[in-house]
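The residues making up each chain are set out below.
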Amino acid sequence: MVNLTLDDLELRVSEGTTIMQAAKNVGIEIPHLCYLKDLNEIAACRVCVVEIEGKDKLITACNNVVEEGMIIYTNSPKVMLDRKRTVQMILSQHDSRCATCVRSGNCSLQKLSNDLNIQDIPYEEDLEKQAWDNSFPLIRDSKKCIKCMRCIQVCDKMQSLNIWELEGTGERSTVNISGSRTIEKSDCSLCGQCITHCPVGALKERDDTEKFWQAIADKDKTVVVQVAPAVRTAWGEEMGLETENATINKIFDGLKKIGVDYVFDTATSADLTIIEEASEFINRLKNNELEERPMFTSCCPGWLRFIKSQFPNMTRQLSSAKSPMQMFGSIMKTYFAEQICRKSDDIFTVAVMPCLAKKSEAEKEFYYKEFAGYETDCVITTRELVRMFRACHINPKALQNIEPDSIFKDSSGAGIIFGATGGVMEAALRTAYFELMGENCEPDAFDVIRASSGETGITEARFKLNGMELKVAAVSGLSNTRKLLKDIESGIKNYHFVEVMACPGGCVGGGGQPIHDGEELAFERGKNLYFIDKNTKIRYSHDNLDIKRLYDEYLDYPNSAKAHMLLHTDHNSWDMPRSPKRDRHGYVISDY
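Residues numbered from 1 in each chain as written. Predicted model: local features only at pLDDT ≥ 70, side-chain atom pairs only at ≥ 80, totals over all residues. Heavy atoms only, no water.

**Observations concerning a nonpolar patch on the surface**
On the surface, Met89, Ile121 and Tyr123 cluster together into a nonpolar patch covering about 260 Å² of accessible area. Given the relative accessible area of 43%, Met89 is considered partly exposed. (Patch = residues over 30% accessible without salt bridge, like charges linked within 9 Å, V, L, I, M, F, W, Y side chains within 5 Å. Areas by Shrake-Rupley, 256 points an atom, 1.4 Å probe, with all protein chains shown as cover. Salt bridge = Lys/Arg side-chain N within 4 Å of Asp/Glu carboxyl O. Buried < 20%, exposed > 50% of the residue type's maximum accessible area, 1.4 Å probe, protein only.)

In structure tokens form, the structure reads like this:
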């Protein structure tokens, strides 16, 4: 233990504790911009400086540890002057037009500037300008970048993709795509974790709200919206609603108020996905196709981009089932269009998702009979949904709980837990059990696959079903995924079924969710989905009556020829830039 004095408070903390952590332990928040615990502790911004009695130079609190007898001042006149000058210099290289920035009101630099009462910048403005393809789902505005290096560290350490790198030296240093590539030619998974960890508005999703507004204004279009399970766990965070009041039914009401024609829960098509995927899994299992390599889930487009670029030899192990979003779009453009007597291209399908990669997934063309278009015409993130509600001055506390529209009203708890890591696996096992055993299992029979105690890495389990031993795993976060796939390739690990989610914690921690700088809320949001599942009347996908009717009236049976035409895909029909070769330090040395 180490004894020290911090702002006249006598403390006793463990040896090796950073000054920043010691201060936080007693409720003193030392300002910072670049710091992320265990990810980015490099003092790039130098905002967290403190004064040590007896030392002339100020030192950074995030990466310096306490020493016996230290006397520390976190807000001395010397510290305050230095901190203010540092922030003013950062502002001189930052586009400060906050009124047109998506992070206005939720920007760490904006808050810090206000807290320091900075009203003028004595340094000449010098904004960096880099070209960018603004049609790509991930947008970088170099004029707003503060060189905090968070995006680099998150992509390297959390997701192991090394998309970003630091170029140049001194005042010419900048962040860019590694290997002198462009973003569209990189192996970016579009997980969006760099966006949710950026302290300013330098990184954001491509805004597709205008496309949505235009469809609403078009009298010839029938606008149909689906809302993903993970969205209901987070939209209330930005709307000032408590979790229990921020229901999906109020989202439905808000969407109706802005002019949408039909609203549905993506959990309904998640049930459809489970039935198709569980059926496919059982067929592969019975045909002894999973003895050496497992079947992988295929719901997460970030994960699909990852496996196609990093482990292309494993692509054949993916389930051919489309994601719930795409399945819903297929059904909307075919069966639903027929039910409401409209043509396929009169239907404009919108998906509200917690994810950036869904914007890319929606760009895959959909062919059915004479119709050639897209299953999903527009994808907006949770953040974009909130911006649309605010644009219409919708009072969230006045929203009512309304039901989704007819034809697809039912959804199960199994479909709802899709948004949390392990949820797809658990839902699929509930239905696989029914198919193999002829009866329903206990609803929580497979809850061991859930991440617990805030863990969002790899969970493994073994089960016996109808005399067969099943070895399964669920993994979230692409760095964890890379480790697991290498173990599978080398034979260290062997499974029959593996669920993968690109974002730590699953979709609830997606790159399109509300941003809370320095806070990781995925696990708490996931617990909310499991709570909803536990209190839902239907807890098995195969008990969803609306989905049963869909098979009876339109799809015939799971994995039928028609189901394959509408609900399955060929993962080899599209390409991803391959992961580049790197040297032992992680630097790109060639394109392939």
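Having seen the structure, we can now continue with the description.
**Some details on the pattern of salt bridges**
Taken as a whole, this structure holds 34 salt bridges when the rule is applied. Across the salt bridge formed by Arg387 and Asp207, the nearest N and O atoms sit 2.8 Å from each other. Residue Arg387 is found in helix H13 (residues 382-391), and its partner Asp207 is found in the loop between strand S9 (203-205) and helix H6 (209-217); the two are separated by 180 residues along the sequence. By relative accessible area, Arg387 is classed as partly exposed at 25%. On the basis of relative accessibility, which here comes to 38%, the residue Asp207 falls in the partly exposed class. Between Arg284 and Glu280 there is a salt bridge, with the nearest N and O atoms lying 2.9 Å from each other. (Helix = DSSP H or I, 4+ residues; strand = E, 2+ residues; numbered from the N terminus.)

**A short note on the packing of helix H9 (residues 266-286) against helix H11 (residues 324-339)**
H11 packs onto H9 with a crossing angle of 100° between their chain directions and a minimal axis gap of 8 Å. Classified by the angle between their axes, H9 and H11 sit roughly perpendicular to one another. Between H9 and H11, the residues in contact are Thr266, Thr268, Ser269, Ala270, Leu272, Thr273 and Glu276 and Pro324, Met325, Met327, Phe328 and Ile331, respectively. (Axes fitted to C-alpha atoms, helices over the stretch in contact; angles between N-to-C directions. Parallel < 35°, antiparallel > 145°, perpendicular 65-115°, else oblique. Contact = heavy atoms within 4.5 Å.)

**Examining the sheet that holds strand S11 (residues 262-265)**
Across the sheet, which stays open at both edges, the 4 strands sit in the order S11-S10-S13-S16 with parallel pairing between neighbours. Either end of the sheet is taken by a strand with one partner, and the two such strands are S11 and strand S16 (378-381). Neighbour-to-neighbour, the strand axes of this sheet turn through a mean angle of 20°, independent of strand direction. As paired elements, strand S13 (residues 347-353) and S16 share 4 bridges and run parallel to each other. The residue bridging Val352 from the neighbouring strand is Ile380, located in S16. Helix-sheet contacts for H6 involve strand S10 (222-227), S13 and S16, and the interaxial angle to S10 is about 135°. The strands touched by H11 within the sheet are S10, S11, S13 and S16, with S13 carrying the most contacts at an inclination of about 155°. (Pairing = 2+ DSSP bridges.)

**Re the nonpolar core**
Counting 94 residues, the largest nonpolar core has Leu109, Leu138, Trp164, Phe296 and Trp303 as the members making the most contacts within it. One finds Met239, Met353, Ile380 and Phe389 within the second-largest nonpolar core, a separate group that totals 34 residues. (Core = buried A, V, L, I, M, F, W, Y, C linked by side-chain atoms within 4.5 Å.)

**Considering unusual backbone geometry**
The backbone of Asn466 sits at a positive phi, close to 55°, despite the residue not being glycine. Take Asn466: it is sitting in the loop between strand S17 (458-465) and strand S18 (468-476). With phi around 65°, Asn559 is a residue other than glycine that occupies positive phi space. Tracing the sequence through the fold places Asn559 in the loop between helix H18 (545-555) and helix H19 (561-567).

Shape is all these values report; function is a separate question.
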